[in-house]
Amino acid sequence: QVQLVESGGGLVQAGDSLRLSCAASGRTFGSYAMGWFRQAPGKEREFVAAISGSGGVIYVTDSVKGRFTISRDNAKNTVDLRMNSLKPEDTAVYYCAAKARTGSSWGLERSYDYWGQGTQVTVSS
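Bear in mind the structure is a predicted one, so any value in this text is a computation, not a measurement.

J.: I'm lost on the overall build of the protein in this one. Help?
T.: Each helix and strand counted, the protein has zero helices and 11 strands in total. Counting helices and strands in the order they occur from the N terminus, the protein gives β-β-β-β-β-β-β-β-β-β-β. For 125 residues, the compact-globule estimate of 2.2 N^0.38 gives 14 Å, and the C-alpha radius of gyration of the protein, at 13 Å, lies within 12% of that figure. Referenced to the eigenvectors of the C-alpha coordinate spread, the extents of the protein come out at roughly 40 × 25 × 25 Å. Relative to its 125 residues, the protein shows a buried fraction of 43%. Accessible surface computed for the protein: about 6400 Å², of which carbon and sulfur atoms make up 47%. When the 14 basic and 11 acidic side-chain charges of the protein are each reduced to a single mean position, those positions are 5 Å apart.

Printed below as a string of structure tokens:
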């Protein structure tokens, strides 16, 4: 069982930066791939970025590539999402998730076994 708690969301202006952090419980954090998803009002939840257990493999969706960076610290059981040059269309609830199964698709919600409660990011124009 893994419990995930996100933090770092808030209200910012377009062009600003934010760093989201996800703290995980448990002693096997390094065995989980971690992902960030987001859900904007009236839209389905979408994949943002993911990182392998070792941190050696990273996936980032095209719409945030070059602006968002995912990283993890297995010693601290945390995974971060650094968001730069934020745009109003980045407004959403951001969720972190943990994926135990190898071979499952990184970008699909159903591949992930544990989810945090989400943190709101609002970007004003």
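We are not done yet, so read on.
J.: Help me out: how do you make sense of the nonpolar core in this one?
T.: If you look at soluble globular proteins, the nonpolar side chains tend to sit buried side by side. The biggest cluster of nonpolar side chains holds 28 residues, and the ones touching the most others in it are M34, W36, L81, M83 and Y94. For this core, the secondary-structure elements that each account for two or more residues are β3 (18-24), β4 (33-39), β5 (46-51), β7 (68-73), β8 (78-83), β9 (92-99) and β11 (119-124).

J.: Looking at this structure, I do not really get the pattern of salt bridges. What am I missing?
T.: Oppositely charged side chains can form a pair if their charged atoms are brought close together. Taken as a whole and assessed by the stated rule, the structure comprises seven salt bridges. A salt bridge links D80 to R19, with the nearest nitrogen and oxygen atoms 2.9 Å apart. With D80 in strand β8 and R19 in strand β3, this pair connects stretches of sequence that are 61 residues apart. Linking R45 and E109 is a salt bridge whose minimum nitrogen-to-oxygen distance equals 3.0 Å. Pair noted here: R45 is in the loop between β4 and β5 and E109 is in the loop between β9 and β10 (114-115), with a separation of 64 residues, a long-range link. Sharing partners across several salt bridges, the network here consists of R38, E46, R67 and D90.

Cut-offs applied
Residues numbered from 1 in each chain as written. Predicted model: local features only at pLDDT ≥ 70, side-chain atom pairs only at ≥ 80, totals over all residues. Heavy atoms only, no water. Helix = DSSP H or I, 4+ residues; strand = E, 2+ residues; numbered from the N terminus. Rg over C-alpha atoms; globule rule 2.2 N^0.38 Å. Buried < 20%, exposed > 50% of the residue type's maximum accessible area, 1.4 Å probe, protein only. Areas by Shrake-Rupley, 256 points an atom, 1.4 Å probe, with all protein chains shown as cover. Lys, Arg positive; Asp, Glu negative; His and termini not counted. Charge placed at Lys NZ, Arg CZ, Asp CG, Glu CD. Core = buried A, V, L, I, M, F, W, Y, C linked by side-chain atoms within 4.5 Å. Salt bridge = Lys/Arg side-chain N within 4 Å of Asp/Glu carboxyl O.

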